[in-house]
Amino acid sequence: MLLDSAIICRLRGSSDLLTVASSHAALLKSGARTASVFNHLINAYVRREAVLDAHKLFDEMTVPDVVSWTSLMAGYVHVARPDDALSLFHYMLNCEAQPNPFTYATAINACSRLADLALGRTIHARMETCGVRSDVVVSSALLDMYGKSNEVDDARKIFDDMIERNVVSWGSMISAYAQNARGHEALALFGEFLRASSSVSLVPNHYMFSSVINACASVGRLGLGRSAHASIVCRGYDSNEVVAGALIDMYSKCGSIDYARKVFDHIECPSLVPYTSMIIAAAKYGLGNHSLELFDEMIAQGVKPNSVTLLGVLHACNHCGLVDIGLLHLNSMRDRHGIAPSTRHYTSVVDMLARAGRLDEAHKLSKQVKAEGDDALMLWSSLLSACRTYQRLDIAAEAGKRLAEFDRDVAGAYVAMSNAYVAVGQLDSATRIWAEMSRRGIRKEPACSWVELKDVVYVFYTGEVSSAGPRQIEVMELLKELERGMRKRGYVGGRNGWGLDGVEEGEEGKGVMVGVHCERLALGFGLISTPKGITIRVMKNLRMCKDCHEAFKLISDIVERELVVRDLNRFHLFRNGSCTCRDYW
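The shown structure was predicted, so the numbers you read here are calculated from the model rather than taken from an experiment. All residue numbers refer to position in the chain's written sequence, counted from 1. Under the rules for a predicted model, residues below a pLDDT of 70 receive no local features and side-chain atom pairs below 80 are neither given nor counted, while totals for whole chains, interfaces and linings still include all residues. Where side-chain values are given, they derive from all heavy atoms of the structure, hydrogens and water being excluded.

Asks: Just to check I follow, could you spell out the overall build of the protein chain for this structure?
Replies: Regarding its fold elements, the protein chain presents 29 helices and six strands. C-alpha extents for the protein chain along the principal axes are approximately 95 × 55 × 50 Å. Sorting the 585 residues of the protein chain into buried and exposed places 52% on the buried side. Taking the contacts inside the protein chain whose residues are at least 6 apart along the sequence as the reference set, 61% of them involve residues at least 24 apart. Method for areas: the Shrake-Rupley scheme with a 1.4 Å probe, in which residue coverage is limited to the protein chains shown. Surface exposure of the protein chain reaches about 27200 Å², of which carbon and sulfur atoms provide 52%. Charge counting follows a simple rule: Lys and Arg are positive, Asp and Glu are negative, and His as well as the terminal groups are ignored. Here the site of a charge means NZ on Lys, CZ on Arg, CG on Asp, or CD on Glu. If the 65 positive side-chain charges of the protein chain are averaged to one point and the 67 negative ones to another, these points end up 3 Å apart. Helix and strand assignments follow DSSP, with helices taken as H or I runs no shorter than four residues and strands as E runs no shorter than two, numbered in order from the N terminus. Each residue is placed in one exposure class: buried if its accessible area under a 1.4 Å probe, protein chains only, is under 20% of its type's maximum, exposed if it is over 50%, and partly exposed if it falls in between. Contact definition: two residues touch when any of their heavy atoms are within 4.5 Å.

Laid out in structure tokens, this is it:
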């Protein structure tokens, strides 16, 4: 008995499969064949990812108990075979051993891995009937499944019904919000967690911090992101590669590419996630050559890229006009890296070709790619946008027709078509597009920009300066003064900085009188509200117009500041009268 206990202790501390196998042999030699011994062995094999060996041992058991079933199921989930875990679960339901909360949680985790929401709901219903849903482990698993299935409101209902919450359940709910473009709600819930944790012993882990950082990135909250970063450093999580990757992404999306690089440089031996995050970050700022240098460095360090890394490389080539290099990377993905190009890779290449004016090649590739859903929407949107620039109404008509078939973002397709007609002087056709939109009740999303000052976000809409409060007059006077300075430097756009000629992506046709564009209002407010020399970061929900782009270049030189604009597609870093995109966007 003492010998068996010593062997089991060795099993628990085993760090390799050889130790597990030798302990297994020793237990068999001693004649120990109880369910407890079998379960210790199954768990040991599962920890070493030898799930087939664990299953063989399981099959030797006369009557496996609930621990045996659950351990083997968890092993299959761990080695990315969730379908096998669910097969075991269904078979178990007809056996003597009945599922416990951990078994149900494991089954739900398997459904989450498979993205099988229907089966997950069925198991959820069974748990309600059996009365185990109130268990904190089960509820946390349900939270995670519904969140990953984009059923955020169902996840919140589970969360609200929980009597007891642990750091996993809080983290799962925050993650559900962050992963489903509901960053404000994620940050609000994190605030609730911090208040709740002051009365109970709850400490945020690195998974929660990663979700919080992702939420800050999605809504452009640099101040909150910096505060979270400070807490991460204090708790020693900054060395975690997932957290580091999230921080790089957050700083880049919040307009601080230099801080993103500092986080990356602080990592002693960058792995796949940090390298990929930094490659994508540099690409979004138009620093394509830097992205390609990082990719070459990554390969030289023996870090194997994945499909997301290569998508970042293609984005880098796209945003810098490196078309031939981009095509070379696309065509070598399979042979050099063993990765088959996906629809997203082809979509990036279509956009790259279209931006460069190679519309016939882009159109041909678009028809060859079997894109569906969001991928098709993105592909044809990219093609349509380029048609306006290069005045290709033939391709624009086909792209517009394809986009009009979607049940979302139809307004974007109509607006892009209208702009294409306006670009070639066919105002009657553009008017017909807007009349059709009016008839169908389709409205475009209003343009808005925001700037964060001292952890407070100020949102501006085109022509509306009310967000500036009592400083409205100061903002408008500054914009007038800046326009006079720009005109002295050769600026010919706009009309006294008020009724601007030209329109944003999505305005109702060129030449229509519109108010001052929202990004200029946000910039003006940022300039009067911060000390000289401080970088101004403006976020915008739509694409920045060419007129404002030219204005921001000149203003950066006049005020001697760095200006960062994050629009729908990319980042623009203005300094000393130029932009990192080099006017290729």
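Structure shown, so let's carry the discussion forward.
Asks: Explain the packing of aromatic side chains to me, please; I cannot follow it from the model alone.
Replies: Remark: the centre distance and the inter-plane angle together describe each pair of aromatic rings, the angle taken between the planes. To pair, rings of Phe, Tyr and Trp, with the six-membered ring standing in for Trp, must have centres within 6.5 Å; the planes then decide the type, stacked if under 30 degrees apart, edge-to-face if over 60, and tilted in the middle. Evaluation of the coordinates by the stated rule reveals 14 aromatic pairs. When the centroid spacing of 6.0 Å and the interplanar angle of 40° are considered together, the rings of Trp69 and Tyr91 count as tilted. In this pair, Trp69 sits in helix H5 (residues 66–78) while Tyr91 sits in helix H6 (residues 82–92), placing the two residues 22 residues apart along the sequence. Under the relative-accessibility criterion, Trp69 is labelled buried at 4%. Residue Tyr91 is classed as exposed on the basis of its relative accessible area of 55%. Between the aromatic rings of Phe190 and Phe193, the centroid separation amounts to 6.3 Å while the plane-to-plane angle is 15°, which identifies the pairing as stacked. Highlighted residues: Phe190 and Phe193, both in helix H12 (residues 183–197), separated by three residues, approximately one helical turn. What makes Phe190 buried here is its relative accessible area of 11%.

Asks: Please explain the nonpolar core as it appears in this structure.
Replies: Soluble globular proteins: nonpolar side chains tend toward being buried together. Take the buried Ala, Val, Leu, Ile, Met, Phe, Trp, Tyr and Cys residues and link them wherever side-chain atoms come within 4.5 Å; each set so joined is a nonpolar core. Core analysis: the biggest nonpolar cluster contains 142 residues, and Ile123, Met173 and Met250 have the highest contact counts within it. Ignoring anything within four residues of it in the chain, the contact list for Ile123 reads Leu86, Phe89, Tyr104, Ala107, Ile108 and Cys111. Core analysis: the next-biggest nonpolar cluster, separate from the first, contains 34 residues, Leu479, Met486, Leu521 and Phe552 among them.

Asks: How should I be thinking about helix H7 (residues 101–114) in this particular structure?
Replies: Three- or four-residue spacings in an α-helix give side chains the same orientation, since the helix completes a turn every 3.6 residues. Compared with an ideal rise of 1.5 Å per residue, which puts 14 residues at 20 Å, H7 spans 20 Å between its outermost C-alpha atoms and is within 8% of the ideal. Along H7, the residues classified as buried are Thr103, Tyr104, Ala105, Thr106, Ala107, Ile108, Ala110, Cys111 and Ser112. Buried residues along H7 sit against H5, H6, helix H8 (117–130) and helix H9 (136–148). A side-chain oxygen of the first residue of H7 lies 3.0 Å from the backbone nitrogen of Phe102; this N-cap is Asn100. In the stretch just after H7, Ala115 is the one whose phi turns positive, near 55°. Under the convention used throughout, the expected extent of a helix is 1.5 Å for every residue step, that is, one less than its residue count. Pairs of N or O atoms are called polar contacts if they sit within 3.5 Å, as long as, within protein, a hydrogen donor faces a hydrogen acceptor (for residues adjacent in sequence, only side-chain-to-side-chain pairs).

Asks: Would you take a moment to explain the side chain of Ser139 for this structure?
Replies: With respect to the helices and strands, Ser139 occurs in helix H9. Here Arg133 takes part through its backbone oxygen, which lies 2.7 Å from a polar atom of the side chain of Ser139. Not counting chain neighbours up to four residues away, the residues in contact with Ser139 comprise Arg133, Ser134, Ile158 and Met162.

Asks: How do you make sense of the packing of helix H27 (residues 472–488) against helix H29 (residues 546–558) when you look at a structure like this?
Replies: A pair of packed helices can be characterised by two numbers: the angle between their axes and the separation between those axes. All axes are obtained by fitting lines to C-alpha atoms, using only the stretch in contact for helices, and the reported angles, taken between N-to-C directions, cover 0 to 180 degrees. Viewed as axis vectors pointing N to C, H27 and H29 meet at an angle of 95°, and their least axial separation amounts to 10 Å. Taken as axis vectors, H27 and H29 run roughly perpendicular relative to one another. Listed contacts from H29 to Leu482, Gly485 and Met486 of H27 are Ala551, Leu554, Ile555 and Ile558. We call Asp, Glu, Lys and Arg charged. Ala, Val, Leu, Ile, Met, Phe, Trp, Tyr, Cys and Pro are nonpolar, and the rest, Gly among them, are polar. Of the residues that constitute the contact of H27 with H29, the class distribution is six nonpolar, one polar and no charged. In these notes the angle categories are as follows: under 35 degrees is roughly parallel, over 145 is roughly antiparallel, 65 to 115 is roughly perpendicular, and the rest is oblique.

Asks: Sorry if this is basic, but what is going on with unusual backbone geometry here?
Replies: Among all residues except glycine, the phi angle is most often negative; among peptide bonds, the trans geometry is most common. Positive phi is not limited to glycine here, since Ala115 has a value of about 55°. Of note, Ala115 is situated in the loop between H7 and H8. The class for Ala115 is exposed, based on a relative accessible area of 60%. Positive phi, normally seen in glycine, also occurs at Gln391, with a value near 55°.

Asks: Please clarify how the sheet that holds strand E5 (residues 571–575) should be interpreted in this entry.
Replies: Hydrogen bonds along the backbone pair up the strands of a sheet, which may run parallel or antiparallel. The pairing criterion is simple: DSSP has to find at least two bridges between the two strands. The strand order across the open sheet built from six strands is E2-E1-E3-E4-E5-E6, with neighbouring strands paired in mixed fashion. Edge positions in the sheet fall to strand E2 (456–461) and strand E6 (578–579), since each of these pairs with one other strand and no more. Sheet topology places strand E4 (residues 563–566) next to E5; four bridges connect them, and they run antiparallel. By the bridge assignment for E5, Val564 is matched with Leu573. Against the sheet, helix H28 (residues 518–529) contacts strand E1 (448–453), E2, strand E3 (536–540) and E4, and its axis sits at roughly 15° relative to E1.

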